[in-house]
Amino acid sequence: MGLKICALVRDFNRHETKEGYPKASIEMVDIPMWDSVTTEAYVRERLNLHRDAKVSADFGDELPACSDTDRWQSETIYAVKREGRKTAIRLFKTIEEANELAEKEKGYVETRLGEPKRCTGNYCGVAEWCEQYQGEINVPA
């Protein structure tokens, strides 16, 4: 007996070759089952977090910020590009590496900012009222 999820991989890329990457856009995924002690501890922790947030809201205090993990935050990446070319030559995690290749290729670096996909992708039902998210998108330029 066990749990499985029929996962629909919305951003599936058939050319991706990373270890652990799904082989198809639909895949059955085994979900490990928790024992009753682990389950109860998790539920109690989540209830406490909700209770604490409610108390904070009732007293007009700021709610705790969501973590990057909670928000499904993607990394900022640096794309080395060349004039007249639509796609990047290569992507990097650091600006230094990107600048080095851009210089060799006589190209330029395009910064692709990471984003909180849960907030921006309509997965969070309160993003339009969330002070944390709204504060990020309404930053004056």
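What counts as what
- Along each chain, residues carry numbers from 1 onward, in the same order as the chain's sequence is written.
- Confidence filtering applies because this is a predicted model: local features only for residues at pLDDT of at least 70, side-chain atom pairs given and counted only at 80 or more, and all residues used for totals across whole chains, interfaces and linings.
- In computing side-chain values, all of the structure's heavy atoms are included and hydrogens and water are not.
- Type-normalised accessible area, obtained with a 1.4 Å probe on protein chains alone, sets the label of each residue: buried when under 20%, exposed when over 50%, and partly exposed for intermediate values.
- Counting from the N terminus, the helices are the DSSP runs of H or I reaching at least four residues and the strands are the DSSP runs of E reaching at least two.
- Being paired, for any two strands, means DSSP has found at least two bridges between them.
- Note that the arc is computed from the directions linking the helix axis to the C-beta atoms.
- Contacts are assigned to residue pairs with any non-hydrogen atoms lying within 4.5 Å of each other.
- Without a salt bridge and with relative accessible area above 30%, a residue can belong to a patch; like charges are then joined within 9 Å and nonpolar side chains (Val, Leu, Ile, Met, Phe, Trp, Tyr) within 5 Å.
- Accessible surface is estimated by sampling points in the Shrake-Rupley manner with a 1.4 Å probe; for residues, cover comes only from the protein chains shown.
- By definition here, a salt bridge exists when the distance from a side-chain nitrogen of Lys or Arg to a carboxyl oxygen of Asp or Glu is within 4 Å.
- Geometry is summarised by axes, namely lines fitted to C-alpha atoms with helices restricted to the contacting stretch, and by angles between N-to-C directions that run from 0 to 180 degrees.
- Distance and chemistry together define a polar contact, namely a pair of N or O atoms within 3.5 Å, with one atom able to donate a hydrogen and the other to accept it when in protein, and with adjacent residues in sequence counting only for side-chain atoms on both sides.

### Side note on the pairing of strand β3 (residues 77-81)
- Of all 5 residues making up β3, 4 are buried, and the element is well covered by its neighbours.
- Here β3 pairs with strand β5 (residues 108-112) via 5 bridges, running antiparallel. Considered in β5, the bridge of Val80 is made with Val109.
- Relative to strand β4 (residues 90-92), β3 runs antiparallel, the two being bridged by 3 bridges. Within the sheet, the bridge partner assigned to Ala79 lies in β4 and is Leu91.

### Some words on helix α2 (residues 95-105)
- Listing the buried residues of α2 in full gives Ala98, Leu101 and Ala102. Taken around the axis of α2, the buried residues stretch over an arc of 105°, which confines them to a single face. The outward face of α2, more than 90 degrees from its buried face, is lined by the exposed residues Glu96, Glu100, Glu103 and Lys104.
- Of the surrounding secondary structure, the elements contacted by the buried residues of α2 are β3, β4 and β5.
- Following α2 by one or two positions, Lys106 has its phi on the positive side, about 55°.

### A closer look at a nonpolar patch on the surface
- On the surface, a cluster of nonpolar side chains totalling about 400 Å² of accessible area is made up of Leu3, Ile5, Val29, Ile31 and Met33.
- Only β1 (3-8) and β2 (26-31) provide two or more residues apiece to the nonpolar patch.
- Tracing the chain through its elements places Val29 in strand β2.
- Here Val29 falls in the partly exposed class, since its relative accessible area comes to 31%.

### A few points about the sheet that holds β5
- Read from one edge to the other, the open sheet built from 3 strands follows the order β4-β3-β5, with strand pairing classed as antiparallel. Only two strands of the sheet have a single partner each, and these edge strands are β4 and β5. Averaged over neighbouring strand pairs, the angle between their axes works out to 30° when direction is ignored.

### A closer look at the pattern of salt bridges
- Applying the stated criterion to the full structure yields 11 salt bridges.
- In this structure, the salt-bridge partner of Glu110 is Arg112, at a minimum N-O distance of 2.8 Å.
- In this structure, Glu115 engages Lys117 in a salt bridge whose closest nitrogen and oxygen atoms are separated by 3.5 Å.

### Some remarks on the environment of Thr94
- Note on placement: Thr94 falls in the loop between β4 and α2.
- Here the alpha-carbon distance between Thr94 and Ala79, two residues 15 residues apart in the chain, equals 9.9 Å.
- For Thr94, the side chain forms a polar contact with the side chain of Glu97, separated by 2.9 Å.

These figures come from the coordinates and say nothing about function on their own.
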